[in-house]
Amino acid sequence: HGFNATSPLSRKRLAKIVNLLVKLKARVIALDLDLTDATLDDQKLLDAIDRASASGISVVVAGKLVNENKELPDDIDLRPYQEEDLRFTKDGFFLFDSISPGEQWVSKVMNGGVVFRFDKDGVFRYAEAMYMITQNDSEQKLSCSPAPSFPLVVAAAYKGISQETLAEILSSTHNHHNIIISNSENHEENALHIHIDKHSRMTPNFVGNYKHFDYEANLTRLLEEYRNETPEITTIFKDKAVIVGGTFDKNDFYMTPLGRMSGMEILANITQNIISGNLIKHT
(Lines give C-alpha, C1' and ligand atoms only; values in the text may rest on other atoms or scores of the structure.)
Protein backbone atom coordinates (compact mmCIF):
# COMPACT_ATOMS: atom_id res chain seq x y z
CA HIS A 1 0.00 0.00 0.00
CA GLY A 2 1.10 3.63 -0.25
CA PHE A 3 1.66 4.03 -3.98
CA ASN A 4 -1.96 5.18 -4.34
CA ALA A 5 -1.90 3.65 -7.84
CA THR A 6 0.61 6.32 -8.88
CA SER A 7 2.69 5.41 -11.92
CA PRO A 8 5.40 6.29 -12.61
CA LEU A 9 6.53 6.60 -9.01
CA SER A 10 8.50 9.79 -8.39
CA ARG A 11 12.18 9.39 -7.52
CA LYS A 12 11.61 11.55 -4.44
CA ARG A 13 8.98 9.17 -3.08
CA LEU A 14 11.03 6.16 -4.09
CA ALA A 15 13.99 7.63 -2.17
CA LYS A 16 11.77 7.80 0.92
CA ILE A 17 10.88 4.13 0.47
CA VAL A 18 14.55 3.14 0.16
CA ASN A 19 15.44 5.19 3.26
CA LEU A 20 12.57 3.53 5.13
CA LEU A 21 13.74 0.04 4.19
CA VAL A 22 17.25 0.94 5.36
CA LYS A 23 15.78 1.88 8.75
CA LEU A 24 13.77 -1.35 8.79
CA LYS A 25 17.02 -3.28 8.13
CA ALA A 26 16.07 -5.08 4.93
CA ARG A 27 18.92 -7.19 3.55
CA VAL A 28 18.26 -6.39 -0.13
CA ILE A 29 16.18 -3.60 -1.69
CA ALA A 30 15.12 -4.58 -5.21
CA LEU A 31 13.38 -2.05 -7.46
CA ASP A 32 11.19 -3.65 -10.14
CA LEU A 33 10.76 -0.28 -11.83
CA ASP A 34 11.96 1.34 -15.04
CA LEU A 35 14.50 3.94 -13.86
CA THR A 36 16.40 4.37 -17.13
CA ASP A 37 15.22 7.92 -17.78
CA ALA A 38 16.83 10.83 -15.90
CA THR A 39 14.74 13.16 -13.68
CA LEU A 40 15.36 16.19 -11.49
CA ASP A 41 14.91 14.06 -8.35
CA ASP A 42 17.57 11.48 -9.25
CA GLN A 43 20.04 12.86 -6.71
CA LYS A 44 17.59 12.16 -3.87
CA LEU A 45 17.43 8.51 -4.90
CA LEU A 46 21.21 8.35 -5.38
CA ASP A 47 21.65 9.66 -1.82
CA ALA A 48 19.24 7.00 -0.55
CA ILE A 49 21.16 4.30 -2.42
CA ASP A 50 24.39 5.55 -0.83
CA ARG A 51 22.79 5.29 2.63
CA ALA A 52 21.75 1.73 1.88
CA SER A 53 25.26 0.85 0.73
CA ALA A 54 26.80 2.43 3.85
CA SER A 55 24.49 0.20 5.91
CA GLY A 56 25.60 -2.93 4.04
CA ILE A 57 22.33 -3.22 2.12
CA SER A 58 22.45 -4.04 -1.59
CA VAL A 59 20.16 -2.19 -4.00
CA VAL A 60 19.12 -4.05 -7.15
CA VAL A 61 17.53 -2.27 -10.11
CA ALA A 62 15.72 -3.90 -13.03
CA GLY A 63 17.79 -3.56 -16.19
CA LYS A 64 16.05 -2.58 -19.41
CA LEU A 65 16.93 -3.91 -22.84
CA VAL A 66 19.16 -1.47 -24.70
CA ASN A 67 19.23 -2.09 -28.44
CA GLU A 68 21.58 0.29 -30.20
CA ASN A 69 20.91 -1.29 -33.60
CA LYS A 70 17.25 -0.34 -33.35
CA GLU A 71 16.20 -3.64 -34.92
CA LEU A 72 13.22 -3.81 -32.59
CA PRO A 73 10.43 -1.19 -32.57
CA ASP A 74 11.04 1.63 -30.08
CA ASP A 75 7.58 1.26 -28.56
CA ILE A 76 7.68 -2.51 -28.04
CA ASP A 77 6.59 -3.73 -24.61
CA LEU A 78 9.67 -5.13 -22.88
CA ARG A 79 7.78 -7.67 -20.78
CA PRO A 80 6.54 -10.06 -21.84
CA TYR A 81 8.48 -10.54 -25.03
CA GLN A 82 6.88 -12.89 -27.48
CA GLU A 83 9.04 -15.61 -29.02
CA GLU A 84 9.28 -13.89 -32.40
CA ASP A 85 10.44 -10.60 -30.84
CA LEU A 86 13.65 -12.08 -29.45
CA ARG A 87 16.92 -12.46 -31.31
CA PHE A 88 18.76 -15.73 -30.78
CA THR A 89 22.14 -17.22 -31.52
CA LYS A 90 22.26 -20.59 -33.28
CA ASP A 91 22.62 -22.18 -29.83
CA GLY A 92 19.38 -20.65 -28.61
CA PHE A 93 20.87 -17.89 -26.45
CA PHE A 94 19.31 -14.42 -26.34
CA LEU A 95 21.46 -11.94 -28.21
CA PHE A 96 21.00 -8.41 -26.84
CA ASP A 97 23.23 -5.38 -27.18
CA SER A 98 23.11 -4.75 -23.42
CA ILE A 99 20.88 -4.68 -20.36
CA SER A 100 21.15 -1.48 -18.34
CA PRO A 101 19.46 -0.01 -15.25
CA GLY A 102 20.17 3.51 -16.52
CA GLU A 103 23.47 5.35 -16.77
CA GLN A 104 22.87 7.42 -13.62
CA TRP A 105 22.62 4.33 -11.39
CA VAL A 106 25.00 1.86 -12.99
CA SER A 107 27.96 2.40 -10.62
CA LYS A 108 25.73 2.39 -7.52
CA VAL A 109 23.51 -0.66 -7.92
CA MET A 110 23.40 -4.29 -8.95
CA ASN A 111 21.15 -5.03 -11.91
CA GLY A 112 19.59 -7.80 -13.96
CA GLY A 113 17.21 -8.21 -16.86
CA VAL A 114 13.46 -8.75 -16.62
CA VAL A 115 12.79 -10.02 -20.15
CA PHE A 116 11.04 -13.42 -20.10
CA ARG A 117 9.56 -15.75 -22.69
CA PHE A 118 6.12 -17.30 -22.52
CA ASP A 119 5.09 -20.64 -23.98
CA LYS A 120 3.02 -20.71 -27.16
CA ASP A 121 -0.17 -21.08 -25.10
CA GLY A 122 0.63 -17.82 -23.28
CA VAL A 123 1.57 -19.46 -19.97
CA PHE A 124 4.74 -18.53 -18.09
CA ARG A 125 6.63 -21.74 -17.20
CA TYR A 126 10.34 -20.92 -17.62
CA ALA A 127 12.50 -18.07 -16.40
CA GLU A 128 15.78 -16.87 -17.87
CA ALA A 129 18.77 -17.30 -15.58
CA MET A 130 20.87 -15.10 -17.83
CA TYR A 131 21.00 -13.43 -21.23
CA MET A 132 23.82 -13.43 -23.75
CA ILE A 133 24.64 -9.87 -24.81
CA THR A 134 26.75 -8.73 -27.73
CA GLN A 135 30.00 -6.84 -27.36
CA ASN A 136 32.50 -5.45 -29.86
CA ASP A 137 36.13 -5.89 -28.84
CA SER A 138 39.05 -3.61 -29.76
CA GLU A 139 39.27 -5.27 -33.18
CA GLN A 140 35.54 -4.81 -33.76
CA LYS A 141 34.90 -8.53 -33.47
CA LEU A 142 31.55 -9.57 -32.09
CA SER A 143 31.57 -11.56 -28.87
CA CYS A 144 28.96 -12.61 -26.31
CA SER A 145 28.96 -12.41 -22.54
CA PRO A 146 26.26 -13.34 -20.00
CA ALA A 147 24.09 -10.82 -18.16
CA PRO A 148 22.14 -12.22 -15.18
CA SER A 149 18.39 -11.97 -14.74
CA PHE A 150 16.83 -9.78 -12.05
CA PRO A 151 15.76 -12.66 -9.72
CA LEU A 152 19.23 -14.22 -9.89
CA VAL A 153 20.87 -10.91 -8.98
CA VAL A 154 18.47 -10.37 -6.05
CA ALA A 155 19.21 -13.89 -4.77
CA ALA A 156 22.97 -13.33 -5.18
CA ALA A 157 22.76 -10.02 -3.30
CA TYR A 158 20.82 -11.78 -0.54
CA LYS A 159 23.71 -14.25 -0.18
CA GLY A 160 26.33 -11.48 -0.23
CA ILE A 161 27.59 -12.30 -3.73
CA SER A 162 28.75 -9.32 -5.80
CA GLN A 163 27.70 -8.60 -9.38
CA GLU A 164 31.31 -9.05 -10.48
CA THR A 165 31.55 -12.50 -8.88
CA LEU A 166 28.20 -13.48 -10.35
CA ALA A 167 29.25 -12.41 -13.86
CA GLU A 168 32.57 -14.24 -13.56
CA ILE A 169 30.92 -17.50 -12.53
CA LEU A 170 28.27 -17.29 -15.25
CA SER A 171 30.98 -16.60 -17.85
CA SER A 172 32.83 -19.78 -16.97
CA THR A 173 29.90 -22.14 -16.37
CA HIS A 174 27.04 -21.12 -18.66
CA ASN A 175 27.10 -24.41 -20.54
CA HIS A 176 26.65 -26.45 -17.35
CA HIS A 177 23.22 -27.60 -16.18
CA ASN A 178 24.01 -27.27 -12.48
CA ILE A 179 25.73 -24.13 -11.24
CA ILE A 180 27.02 -23.34 -7.77
CA ILE A 181 27.42 -19.62 -7.16
CA SER A 182 29.34 -18.46 -4.08
CA ASN A 183 32.10 -16.10 -3.00
CA SER A 184 34.41 -19.02 -2.27
CA GLU A 185 34.39 -22.80 -1.90
CA ASN A 186 34.53 -22.35 1.87
CA HIS A 187 31.15 -20.66 2.13
CA GLU A 188 28.76 -23.43 1.18
CA GLU A 189 25.99 -22.04 3.43
CA ASN A 190 25.95 -18.85 1.36
CA ALA A 191 26.04 -20.60 -2.03
CA LEU A 192 23.28 -20.60 -4.62
CA HIS A 193 22.52 -23.86 -6.42
CA ILE A 194 20.67 -23.34 -9.69
CA HIS A 195 19.70 -25.75 -12.45
CA ILE A 196 19.46 -24.34 -15.98
CA ASP A 197 18.64 -25.89 -19.33
CA LYS A 198 20.58 -25.51 -22.58
CA HIS A 199 18.73 -22.26 -23.29
CA SER A 200 19.89 -20.70 -19.99
CA ARG A 201 16.44 -21.04 -18.43
CA MET A 202 15.29 -22.07 -14.97
CA THR A 203 11.98 -23.77 -14.16
CA PRO A 204 10.25 -22.01 -11.24
CA ASN A 205 8.46 -24.13 -8.66
CA PHE A 206 5.78 -21.56 -7.88
CA VAL A 207 5.05 -21.19 -4.17
CA GLY A 208 1.95 -19.05 -4.56
CA ASN A 209 -0.35 -17.28 -6.97
CA TYR A 210 -1.93 -13.80 -6.87
CA LYS A 211 -1.75 -12.23 -3.39
CA HIS A 212 0.13 -15.19 -1.91
CA PHE A 213 2.81 -12.81 -0.65
CA ASP A 214 2.16 -10.51 2.30
CA TYR A 215 0.03 -7.48 1.35
CA GLU A 216 -0.51 -6.17 4.88
CA ALA A 217 2.42 -3.74 4.99
CA ASN A 218 0.85 -0.27 4.88
CA LEU A 219 3.56 1.85 3.30
CA THR A 220 1.87 5.18 4.06
CA ARG A 221 1.70 4.37 7.78
CA LEU A 222 5.27 3.09 7.90
CA LEU A 223 6.58 6.21 6.15
CA GLU A 224 4.78 8.35 8.72
CA GLU A 225 6.03 6.31 11.70
CA TYR A 226 9.63 6.39 10.51
CA ARG A 227 9.74 10.00 9.32
CA ASN A 228 11.93 10.76 12.32
CA GLU A 229 14.27 8.40 14.13
CA THR A 230 12.19 6.12 16.34
CA PRO A 231 13.07 3.23 18.64
CA GLU A 232 13.87 0.15 16.59
CA ILE A 233 11.11 -2.42 16.34
CA THR A 234 11.18 -5.76 14.59
CA THR A 235 9.21 -5.81 11.34
CA ILE A 236 8.58 -8.28 8.55
CA PHE A 237 11.23 -6.48 6.46
CA LYS A 238 14.22 -7.26 8.67
CA ASP A 239 16.84 -9.38 6.84
CA LYS A 240 14.49 -9.89 3.89
CA ALA A 241 14.86 -9.29 0.17
CA VAL A 242 12.21 -6.63 -0.45
CA ILE A 243 10.98 -6.14 -4.03
CA VAL A 244 9.42 -2.72 -4.65
CA GLY A 245 7.01 -2.41 -7.57
CA GLY A 246 3.35 -2.21 -8.43
CA THR A 247 0.57 -4.76 -8.87
CA PHE A 248 -2.04 -2.23 -10.02
CA ASP A 249 -1.07 -2.24 -13.71
CA LYS A 250 -3.47 -4.61 -15.48
CA ASN A 251 -0.96 -5.06 -18.32
CA ASP A 252 1.57 -6.57 -15.90
CA PHE A 253 -0.44 -9.72 -15.06
CA TYR A 254 0.36 -13.09 -16.64
CA MET A 255 -0.88 -16.66 -16.56
CA THR A 256 1.24 -19.19 -14.65
CA PRO A 257 0.67 -22.88 -13.82
CA LEU A 258 -0.93 -21.68 -10.56
CA GLY A 259 -3.11 -19.05 -12.15
CA ARG A 260 -2.96 -15.34 -12.88
CA MET A 261 -0.08 -13.48 -11.22
CA SER A 262 1.47 -10.03 -11.35
CA GLY A 263 4.95 -9.57 -12.81
CA MET A 264 6.37 -8.57 -9.44
CA GLU A 265 4.94 -11.72 -7.81
CA ILE A 266 6.49 -13.86 -10.54
CA LEU A 267 9.87 -12.25 -9.81
CA ALA A 268 9.32 -12.88 -6.08
CA ASN A 269 8.50 -16.53 -6.75
CA ILE A 270 11.62 -17.07 -8.84
CA THR A 271 13.82 -15.25 -6.32
CA GLN A 272 12.40 -17.34 -3.47
CA ASN A 273 13.03 -20.52 -5.49
CA ILE A 274 16.67 -19.61 -6.11
CA ILE A 275 17.37 -18.66 -2.49
CA SER A 276 15.70 -21.79 -1.10
CA GLY A 277 17.14 -24.12 -3.77
CA ASN A 278 13.62 -25.07 -4.81
CA LEU A 279 13.84 -24.77 -8.62
CA ILE A 280 12.44 -27.71 -10.57
CA LYS A 281 15.10 -30.05 -11.95
CA HIS A 282 14.26 -31.95 -15.11
CA THR A 283 15.32 -35.55 -15.59
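Engineer: For this particular structure, what's the right way to read helix 4 (residues 163-173)?
Structural biologist: Side chains of residues three or four places apart in an α-helix project in the same direction, reflecting 3.6 residues per turn. Within the span of helix 4, buried status applies to Q163, L166, I169, L170 and T173. Considered in projection along helix 4, the buried side chains sweep an arc of 130 degrees and stay on one side of the axis. Away from the buried face of helix 4 by more than 90 degrees, exposed residues E164, E168 and S172 are located.

Engineer: Sorry if this is basic, but what is going on with the pattern of salt bridges here?
Structural biologist: Pairing of side chains with opposite charge becomes possible as their charged atoms draw close. Summed over all chains, the structure comprises nine salt bridges. Across the pair D37 and R11 runs a salt bridge whose closest N-O atoms are separated by 2.9 Å. You can see D37 sitting in the loop between strand 1 (28-31) and helix 2 (42-54) and its partner R11 sitting in helix 1 (residues 11-23), a full 26 residues away along the chain. Residue classification places D37 among the partly exposed residues on the basis of a relative accessible area of 41%. The exposure class of R11 is buried, given its relative accessible area of 6%. Connected via shared salt-bridge partners are R11, D37 and D42.

Engineer: Could you clarify how one ought to interpret unusual backbone geometry in this entry?
Structural biologist: The phi torsion of most residues other than glycine is negative, and most of the peptide bonds are trans. Here K25, not a glycine, exhibits a phi torsion of approximately 65 degrees, which is positive. Here K25 shows up in the loop between helix 1 and strand 1. A relative accessible area of 35% means that K25 is categorised as partly exposed. Residue D239 is not a glycine yet carries a positive backbone phi of 60 degrees.

Engineer: Is there a simple way to explain the packing of helix 1 against helix 2 in this structure?
Structural biologist: Packed helices, taken two at a time, are described by the angle their axes make and the gap between the axes. Orientation of helix 1 relative to helix 2, taken along the N-to-C sense of each, is 10 degrees, at an axis distance of 8 Å. Compared by their axis directions, helix 1 and helix 2 come out roughly parallel. Within the contact between the two elements, helix 1 uses R11, K12, L14, A15, V18, N19 and V22 and helix 2 uses D42, K44, L45, A48, I49, R51 and A52.

Engineer: So what exactly am I meant to see when it comes to the packing of aromatic side chains here?
Structural biologist: The relative placement of two aromatic rings is captured by the distance of their centres and the angle of their planes. A complete count under the given rule lists four aromatic pairs for this structure. Ring geometry for F118 versus Y254: centroids 5.2 Å apart, planes at 55 degrees, classification tilted. Of this pair, F118 sits in the loop between strand 5 (110-113) and strand 6 (127-128) while Y254 sits in strand 13 (residues 253-256), and the two are 136 residues apart along the sequence. Side by side, F118 and Y254 carry an identical accessibility label, which is buried. Within the aromatic cluster, the residues linked to one another by ring pairs are F116, F118, F124, F206 and Y254. Sitting over the face of the ring of Y158, R27 holds its NZ or CZ atom 4.1 Å from the ring centroid. Over the ring of Y126 we find R201, and its NZ or CZ is 4.3 Å from the ring centre.

What counts as what
Residues numbered from 1 in each chain as written. Predicted model: local features only at pLDDT ≥ 70, side-chain atom pairs only at ≥ 80, totals over all residues. Heavy atoms only, no water. Buried < 20%, exposed > 50% of the residue type's maximum accessible area, 1.4 Å probe, protein only. Helix = DSSP H or I, 4+ residues; strand = E, 2+ residues; numbered from the N terminus. Arc of directions from axis to C-beta. Salt bridge = Lys/Arg side-chain N within 4 Å of Asp/Glu carboxyl O. Axes fitted to C-alpha atoms, helices over the stretch in contact; angles between N-to-C directions. Parallel < 35°, antiparallel > 145°, perpendicular 65-115°, else oblique. Contact = heavy atoms within 4.5 Å. Phe/Tyr/Trp six-rings, centres within 6.5 Å; stacked < 30°, edge-to-face > 60°. Lys NZ or Arg CZ within 6 Å of the ring centre and 35° of its normal.

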